[in-house]
Amino acid sequence: MKDLIINSRVTIPADQLTVTHARSSGPGGQNVNKVNSKVTVSWLVDDNNILDPEWTRRVKVRHQNRINQLGQLSLTSQQYRQQPRNLEDCLTKLRVLLLECQHPPKRRRETRPTLGSKKRRLESKRQQSSKKQSRGGRWD
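In this text the structure is predicted, and so the values were computed from the model without any measurement.

## Quick notes on the overall build of the protein chain
Move 1: Within the protein chain, the secondary structure is distributed over 3 helices and 5 strands.
Move 2: Reading the secondary structure of the protein chain in the N-to-C direction produces β-β-β-β-α-β-α-α.
Move 3: Its C-alpha radius of gyration of 26 Å places the protein chain more than 25% over the 14 Å reference for a compact globule of 140 residues.
Move 4: Dimensions along the principal axes, computed over C-alpha positions, put the protein chain at roughly 85 × 45 × 30 Å.
Move 5: Burial status across the protein chain gives 27% buried among its 140 residues.
Move 6: Residue pairs in contact within the protein chain that sit at least 24 positions apart in sequence constitute 58% of those at least 6 positions apart.

## Here we look at the sheet that holds strand β3 (residues 17-22)
Move 1: Read from one edge to the other, the open sheet built from 3 strands follows the order β3-β4-β5, with strand pairing classed as antiparallel. Of all strands in the sheet, those bounded by a partner on one side alone are β3 and β5 (72-77). Within the sheet, the average angular offset between the axes of one strand and its neighbour, ignoring direction, is 20 degrees.
Move 2: Summarising the sheet, β3 and strand β4 (residues 38-44) pair through 6 bridges and their orientation is antiparallel. The residue of β4 that forms the bridge with Leu17 is Trp43.
Move 3: Sheet contacts for helix α2 (residues 83-99): β3, β4 and β5; angle to β5, the most-contacted strand, approximately 135 degrees.

## Some words on the side chain of His63
Move 1: For His63, the position within the fold is in the loop between α1 (53-62) and β5.
Move 2: Not counting chain neighbours up to four residues away, the residues in contact with His63 comprise Leu73, Leu97, Glu100 and Cys101.

## Considerations on the side chain of Arg58
Move 1: You can see Arg58 is positioned in helix α1.
Move 2: Salt bridges are absent for the buried Arg58, whose nearest opposite-charge side chain, Glu54, sits at 4.1 Å.
Move 3: What Arg58 contacts, discounting residues up to four positions off in sequence, is Cys101, Gln102, His103, Pro104 and Pro105.

## Quick word on the nonpolar core
It is characteristic of soluble globular proteins that their nonpolar side chains tend to be buried jointly.
Move 1: Formed by 22 residues in total, the largest nonpolar core has its most connected members in Leu17, Trp43, Trp55, Leu94 and Leu98.
Move 2: With residues up to four places along the chain from it excluded, the contact list for Trp55 reads Ile6, Asn7, Val10, Leu98, Cys101 and Gln102.

## Things to note about the confidence of the model for the protein chain
Detailed reading of the predicted coordinates is not advisable wherever pLDDT falls low.
Move 1: Confidence along the protein chain averages 87 in pLDDT terms, with 92% of residues attaining 70 or more.
Move 2: Taking the mean pLDDT of every element in the protein chain, the minimum, 86, falls on strand β2 (residues 11-12) and the maximum, 95, on helix α3 (residues 115-135).

## Topic: the state of the cysteines
Move 1: Within this structure, the stated rule accounts for 0 disulfides.
Move 2: Free cysteine Cys90: the closest other cysteine sulfur is in Cys101, separated by 17 Å.
Move 3: For Cys90, a relative accessible area of 0% translates into the label buried.

## Focus: α1
Move 1: Turning to α1, its buried residues number three or more, namely Trp55, Thr56, Arg58 and Val59. The buried residues of α1 occupy an angular sector of 160 degrees when the element is viewed end-on, so they sit on one face. For α1, the exposed residues set more than 90 degrees away from the buried face come down to Pro53 and Val61.
Move 2: Lining the buried residues of α1 we find α2.

The rules behind these values
- Residues numbered from 1 in each chain as written.
- Predicted model: local features only at pLDDT ≥ 70, side-chain atom pairs only at ≥ 80, totals over all residues.
- Heavy atoms only, no water.
- Helix = DSSP H or I, 4+ residues; strand = E, 2+ residues; numbered from the N terminus.
- Rg over C-alpha atoms; globule rule 2.2 N^0.38 Å.
- Buried < 20%, exposed > 50% of the residue type's maximum accessible area, 1.4 Å probe, protein only.
- Contact = heavy atoms within 4.5 Å.
- Pairing = 2+ DSSP bridges.
- Axes fitted to C-alpha atoms, helices over the stretch in contact; angles between N-to-C directions.
- Lys, Arg positive; Asp, Glu negative; His and termini not counted.
- Salt bridge = Lys/Arg side-chain N within 4 Å of Asp/Glu carboxyl O.
- Core = buried A, V, L, I, M, F, W, Y, C linked by side-chain atoms within 4.5 Å.
- pLDDT = per-residue confidence, 0-100.
- Disulfide = S-S within 2.5 Å.
- Arc of directions from axis to C-beta.

See the structure below:
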């Protein structure tokens, strides 16, 4: 397996990635019972000096459900019937996962509602109120 290139400055060496194979589930005929086409790629998030510490923290916070107690980020793929394609799919998933955490999220600036949205809201409240007022019967 080759090194995983994340961007022009960051590359994860192949020896830091652990690859395991297993039998995949689902349809596939007799072939599914004898071929290990499912691929699982694991990578130690905590034990790396490749990523910036803030980048690592964002990965750990955003994808904490994929990281086990040992600090391994695990990704699986059984989409294809060939092992090499599933391996490539896992590596692509890891690359995308790391790139989406590369930059901190933009802070949301609070905005005020527009005059038109205020008028529409108040008009709908008036309509709802009049609808409910008309439902009430007077028992004289």
